[in-house]
Amino acid sequence: VHVHVKPGTGEDVIGMQCNRFGGSLGGRAFWCRAVIRDKAFREASVANAAASIREPGNLRFDVVQEREDPTRFILVEVYSSAGAAAAHKETQHYLKWRECVADMMAEPRKVVQGVKYNSLAGEEPWRWSVSPSLSGKALPSSPIAAAAPMLPLLDGRSIPSIGFGCYKVGVVPGSAAGAAAAAKPAPAMQVIADAIAAGYRCFDSAQFYENEDLVGRALSASGMPRSELYIMSKVWTNKIFEGAAAVRAQCLKTIQDLGCEYLDLYMVHWPVPGKHVEAYKEMVALQSEGLVRSLGVSNYTVEDLADLQAAGLPLPTVNQIEINPFLYRKRTIAHFEGLGIRMQAYRALCNFGKTASMENEIVLSLAAKHGRSASQVLGRWCIQKGFQHIPKSERRERMDENARVFDFALDSEDMNRLEGLTTEKNLETFKSTYLKCVLRDTPLEGSMEGVKTEITLE
Ligand SMILES: NC(=O)c1ccc[n+]([C@@H]2O[C@H](COP(=O)([O-])OP(=O)(O)OC[C@H]3O[C@@H](n4cnc5c(N)ncnc54)[C@H](OP(=O)(O)O)[C@@H]3O)[C@@H](O)[C@H]2O)c1
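Along each chain, numbering runs from 1 in the same order as the chain's sequence is written. Given that the model is predicted, a residue must reach a pLDDT of at least 70 before its local features are reported, and side-chain atom pairs must reach 80 or more before they are shown or counted; all residues, however, enter totals for whole chains, interfaces and linings. In computing side-chain properties, one takes all heavy atoms of the structure into account and sets aside hydrogens as well as water.

By the naming in an unreviewed UniProt entry, the protein chain goes by ABM domain-containing protein and is assigned to Polarella glacialis. Looking at the Sequence similarities (unreviewed entry) heading of the UniProt record, one finds this comment for the protein chain: "Belongs to the aldo/keto reductase family." UniProt positions are given in the numbering used here, feature names are shortened, and annotations may be inferred rather than shown by experiment.

Structure follows, in structure tokens:
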């Protein structure tokens, strides 16, 4: 659309409209110059955008004002279909906006046909969509994850059998493997709002993920009462190395960032040699003060657990480790479970962080057998084993898919075929990861000082 403001303003206005803003999506982008009246134009346009985003077929509606020249605006409107875009023009809010801004323009807007754009973000509608909770549309909620069975813990409390992994939600930590080449993550506000809408109530967070403030803001914005959420976090190696006071300060910071008053579960992220027992002791104190409900550990081997036992400390309620059919460490799991410690499976969908797990031939054949997806087969395996499943996805449809693991069953032959996927090589890769990570981000990184080399692998 070409727009000119009224004579006398001394400015020309250039604008454009495209009928297709990418693939099958109907969309329009206006570039308007509203000289002098920018405040009135801005207010009318923002009011129109706020109402438009609630239209059923609207995916997003942005009003962007140029910094250098605040009289210039770009309105980006994306609709799920050309029909939805046409319906927008019939709405009261659009008609009101049109009337309101009409006399800010010098002549009627002229539609320029034929300007087409490719959507570089991808053509799937979800890439454009503002999350339902942010747009105020009725939440298309899926109750499956919300109704997931609870798993008992040895301290008498219980934990949802499925949670949502928050690693790389909104932020890819600078020191994460492959961080430099990682794609820009979707905004945490959107991902968490979608996870809540998908029914997830349990969130696995950590100091290391560098996003606890974002996750906290998103959880608060969701309006979900604290009592219906199960929030867990982990203290990172640098604070464990610094000692008890640093662990305490970090726990308080995590609670503040997450805006959660208390943590349902607080874990030692890695058993830092010579330091993790003191960290755990401080967590026992935090628990007695009501700041933490259950205590847990992560990445502990049988030998690390023995350090806590030797110090006469209460057993952790969970051990969060990588578990999937490609890294099924039977002896370790049996040892922890034998003591009543619940296993949490991280990277249940991606062994060593590689989504090739979901392309494995056996996994795919079982997916075909049960009419399910590969992620559901891997998730179902965890659930049947009694492990807590904490998948992460930034895509709403995958969040739903990952949660649908309670309405089918793998038989014993299926389970055995999956378990046969663990190899000696994978156990060795696990070992080298462990040796590297226990001192990661500490002054002793790169050394082997105090690191246990004789650990139970299987
Ligand atoms: N304690 C620890 O040391 C530790 C270590 C690693 C992880 N964790 C925790 O465990 C959680 C889960 O582990 P993770 O995030 O590494 O891996 P994951 O949940 O097993 O897999 C996540 C990856 O799979 C993709 N994905 C998810 N659902 C999918 C589906 N249905 N189909 C195809 N691809 C799908 C995701 O991509 P999209 O997002 O693009 O969908 C992402 O690339 C973490 O978020 C974190 O909370 C803990």
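Continuing now.
A. How the structure looks around the packing of aromatic side chains. Ring pairs shown here join Phe, Tyr and Trp side chains whose ring centres sit within 6.5 Å, with only the six-membered ring taken for Trp; geometry is labelled stacked below 30 degrees between planes, edge-to-face above 60, and tilted in between. For the structure on display, the rule yields 11 aromatic pairs. Here the aromatic rings of Phe164 and Tyr200 are separated by 5.3 Å at their centres, their planes lie at 65°, and the arrangement is edge-to-face. With Phe164 in strand β8 (residues 164-165) and Tyr200 in the loop between α6 (188-197) and β9 (202-204), this residue pair connects regions lying 36 residues apart in the sequence. Here Phe164 falls in the buried class, since its relative accessible area comes to 1%. One aromatic cluster is present, built from ring pairs that chain together Tyr167, Phe208, Tyr209 and Trp236. Sitting over the face of the ring of Tyr262, Arg226 holds its NZ or CZ atom 3.9 Å from the ring centroid. The helix count covers DSSP runs of H or I at least four residues long, the strand count covers runs of E at least two residues long, and both are numbered beginning at the N terminus. Using a 1.4 Å probe on the protein chains alone, a residue whose accessible area is under 20% of its type maximum counts as buried, one over 50% counts as exposed, and one in between counts as partly exposed. Any Lys NZ or Arg CZ that is within 6 Å of a ring centre and within 35 degrees of that ring's normal is treated as a charge sitting over the ring.

B. Seen up close, the nonpolar core. In plain words, nonpolar cores are sets of buried Ala, Val, Leu, Ile, Met, Phe, Trp, Tyr and Cys residues tied together by side-chain atoms within 4.5 Å. Counting residues in each nonpolar core, the largest one holds 102 residues, and the members touching the most others are Phe164, Ile192, Tyr200 and Phe203. Every residue pair with non-hydrogen atoms within 4.5 Å of one another is taken to be in contact. Among all residues touching Ile192, those that are not within four sequence positions of it are Phe164, Cys166, Val169, Phe203, Val215, Ala218 and Leu219. Listed in part, the 8 residues of the second largest apolar core include Ala44, Phe73, Leu75 and Val101.

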